[in-house]
Amino acid sequence: MGSDHSHSAPPAPPRVRRILVATVVPLFVATVLAAVVLWPRDGSPQTDGGADVPRYHGTVTRVVTEPCPPAPTPEGGPSAGPCGTVDVRVEDGPNAGQQVQTPIPAGPGAPRVEVGDDVIMVELTDPTDPAASSWNIAEHQRGTPLLWLAVVFAAAIVAFGRWRGLAALAGLAASFAILLTFVLPGIAAGGSPLLVAVVGAALIMFVVLYLTHGVTAQTSVAVLGTLGSLILTGVLATIATAATNLTGFGSEDATTLSMFQADVDLHGLLLAGIIIGSLGVLDDVTVTQAATVTELANANPGLSRLQLYRAATRVGRAHIASTVNTIVLAYAGASLPLLLLLTADTRPITQILTSEFLAQEIVRSAVATLGLIAAVPLTTGLAALVTAAGSTPTGDAPRPRPERADVLAALSRPRAGRPDPEHTPSPSTATDQWPEPDRSTKTAW
């Protein structure tokens with residue numbers, strides 16, 4: 001999110017604080033009430049995914065490779081490998097401590113195992129003979145590497161950000177908690193994905209921004225700018241998906257989800273994804289703009305509201321120019337397999353660009369960018385109003401009227417560069433008043 005700033009913002013005038021409180025508090029209360037109303041109470045719905053196969057931890061103790069037998073094809077060539085057996089020691093479950101033998105994993109995406117690898121095992125039972133079972137390696141254990149990566153991640157954030165970094169970690173934990181306990185269960189329970197996403201995003205925004213950046217007028221401005229941009233992003237996403245007739249079946253994951261949960265609104269799920277995905281970039285832009293206005297006001301208290309707005313907007317333009325590229329590349333990186341598949345398509349480029357798969361990504365990028373562009377003037381304008389409230393710019397301050405005696409004294413002084421004939425300085429005092437003979441009297445640039 002936003003960067004840390006060492007200079008604390010000066011306190012806003014009491015009238016401005018009262019206006020911010022009267023605006024932000026009702027919005028927060030409305031968000032909490034909406035979350036309470038939409039909170040899923042029936043638990044996770046039952047899916048048709050079948051019975052869950054038990055999974056156990058194991059350690060590879062031996063790998064034996066063998067020539068693959070001929071494939072059952074007319075050519076009679078060897079079947080795709082690798083072929084052989086793997087001995088695995090089961091670490092938990094009813095068979096803990098036993099050695100079991102499994103075939104070497106083969107096929108697309110199969111894990112490559114070596115002696116000493118930690119793997120996940122599944123035991124498959126023959127439906128016709130419950131006493132007969134076989135073991136297979138499903139995948140590698142990734143718990144320990146992920147745990148160490150999380151530790152390094154948290155340590156780096158705390159070491160660099162200190163207390164602010166610790167608050168950022170707490171905000172990250174709160175974001176995941178709201179997503180896992182409210183947004184995902186609410187959508188899975190049959191709630192409106194768009195409504196649940198908007199309420200969940202607003203709840204994340206309130207918790208994370210105030211927890212990370214403190215309860216200040218600057219944070220409140222960022223909150224209002226983020227909330228306004230989120231609402232605009234939701235409206236634009238609704239209009240864009242309706243105009244392009246997107247159904248939400250633009251990915252294999254969405255199609256698979258529709259098989260397990262037929263009552264999920266995939267079109268609404270697409271809108272929810274745009275809202276949640278835009279939040280992470282929106283709060284970065286709004287916090288940065290609010291902090292920029294504050295820093296400019298601290299550096300030059302004489303700047304007017306309009307001058308603050310123009311200067312901070314120039315910073316926002318540079319930020320948006322780089323963020324737009326970030327959004328497009330993020331969506332492209334997440335969709336590389338899809339893009340490679342489309343390059344192998346023999347259809348004309350116009351048909352590829354207007355297909356459901358690619359049109360969905362175009363709408364995501366365009367709507368998120370429009371929301372970001374709107375966030376800059378909205379947040380910058382609010383921050384300029386709040387920061388400059390109660391202060392009088394130096395350029396607009398009225399000049400004090402000089403006294404009559406001061407005016408007469410100034411008129412009676414000799415003009416600069418001409419000595420007063422009645423008060424001719426002596427040679428000793430002249431050397432103190434005039435520059436040295438060999439020094440240049442030209443004005444320095």
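Below is a summary of the structure that appears in this document. Predicted, not measured: the structure shown is a model, and the values here were computed from it. (Residues numbered from 1 in each chain as written. Predicted model: local features only at pLDDT ≥ 70, side-chain atom pairs only at ≥ 80, totals over all residues. Heavy atoms only, no water.)

What follows deals with the pairing of strand 1 (residues 55-66). Bridge count between strand 1 and strand 4 (residues 118-126): five bridges; the pairing is antiparallel. Bridge assignment links His-57 to a residue of strand 4, and that residue is Ile-120. (Pairing = 2+ DSSP bridges. Helix = DSSP H or I, 4+ residues; strand = E, 2+ residues; numbered from the N terminus.)

In this structure, Phe-182, Met-205 and Leu-308 are the most contacted members of the largest nonpolar core, which totals 50 residues. Within the residue set of this core, elements represented by two or more residues are helix 1 (14-38), helix 2 (143-188), helix 3 (193-213), helix 4 (217-243), helix 6 (266-299), helix 7 (305-334) and helix 10 (356-388). At 12 residues, helix 3 tops the list of elements feeding residues into this core. Every residue in contact with Leu-308, bar those within four places of it in the chain, is listed here: Val-293, Leu-296, Ala-297, Leu-303, Ala-384 and Ala-388. (Core = buried A, V, L, I, M, F, W, Y, C linked by side-chain atoms within 4.5 Å. Buried < 20%, exposed > 50% of the residue type's maximum accessible area, 1.4 Å probe, protein only. Contact = heavy atoms within 4.5 Å.)

One pass over the structure, following the stated rule, counts five salt bridges. Here Asp-87 ties to Arg-62 by a salt bridge, and the two come within 3.0 Å at their closest N and O atoms. Taken together, the positions of Asp-87 in strand 2 (residues 83-90) and Arg-62 in strand 1 put the pair 25 residues apart, joining distant regions of the chain. On the basis of relative accessible area, Asp-87 is assigned to the buried category, the value being 14%. One salt bridge in this structure joins Glu-91 and Arg-89, with 3.3 Å as the shortest N-O distance. Accessibility expressed as a relative area gives 37% for Glu-91, which makes it partly exposed. For Arg-89, a relative accessible area of 32% puts it in the partly exposed group. (Salt bridge = Lys/Arg side-chain N within 4 Å of Asp/Glu carboxyl O.)

This next bit is on the layout of surface pockets. Where empty space is left becomes clear once a probe the size of a water molecule has been rolled over the atoms. Roughly 960 Å³ of volume is contained in the largest pocket. Lining the largest pocket are 37 residues; nearest its centre among them are Ser-251, Asp-253, Gln-360, Glu-361 and Arg-364. Here the lining of the largest pocket takes nine residues from helix 6, the largest share from any one element. A per-class count over the lining of the largest pocket returns 23 nonpolar, 10 polar and four charged. (1 Å grid on protein atoms, 1.4 Å probe; cavity = no way out; pocket = protein on both sides within 12 Å on 5 of 7 lines; lining within 4 Å. Points joined across faces, edges and corners; volume = space filled by probe spheres on them. Nonpolar A, V, L, I, M, F, W, Y, C, P; charged D, E, K, R; others polar.)

To continue, consider the packing of aromatic side chains. Per the counting criterion, the structure on display carries three aromatic pairs. Where Phe-28 meets Phe-206, the ring centres are 5.3 Å apart and the plane angle is 75°; that geometry is what we call edge-to-face. Taken together, the residues span a long stretch of sequence, with Phe-28 in helix 1 and Phe-206 in helix 3 at a distance of 178 residues. For Phe-28, a relative accessible area of 36% gives the class partly exposed. On the basis of an interplanar angle of 55° and a centroid distance of 5.9 Å, the ring pair of Tyr-56 and Trp-135 is categorised as tilted. (Phe/Tyr/Trp six-rings, centres within 6.5 Å; stacked < 30°, edge-to-face > 60°.)

Before going further, it helps to examine a nonpolar patch on the surface. Residues Val-21, Val-25, Phe-28, Val-29, Val-32, Leu-33 and Val-36 make up a contiguous nonpolar surface patch of roughly 550 Å² in combined accessible area. Residue class for Leu-33 comes out exposed when judged on its relative accessible area of 53%. (Patch = residues over 30% accessible without salt bridge, like charges linked within 9 Å, V, L, I, M, F, W, Y side chains within 5 Å. Areas by Shrake-Rupley, 256 points an atom, 1.4 Å probe, with all protein chains shown as cover.)

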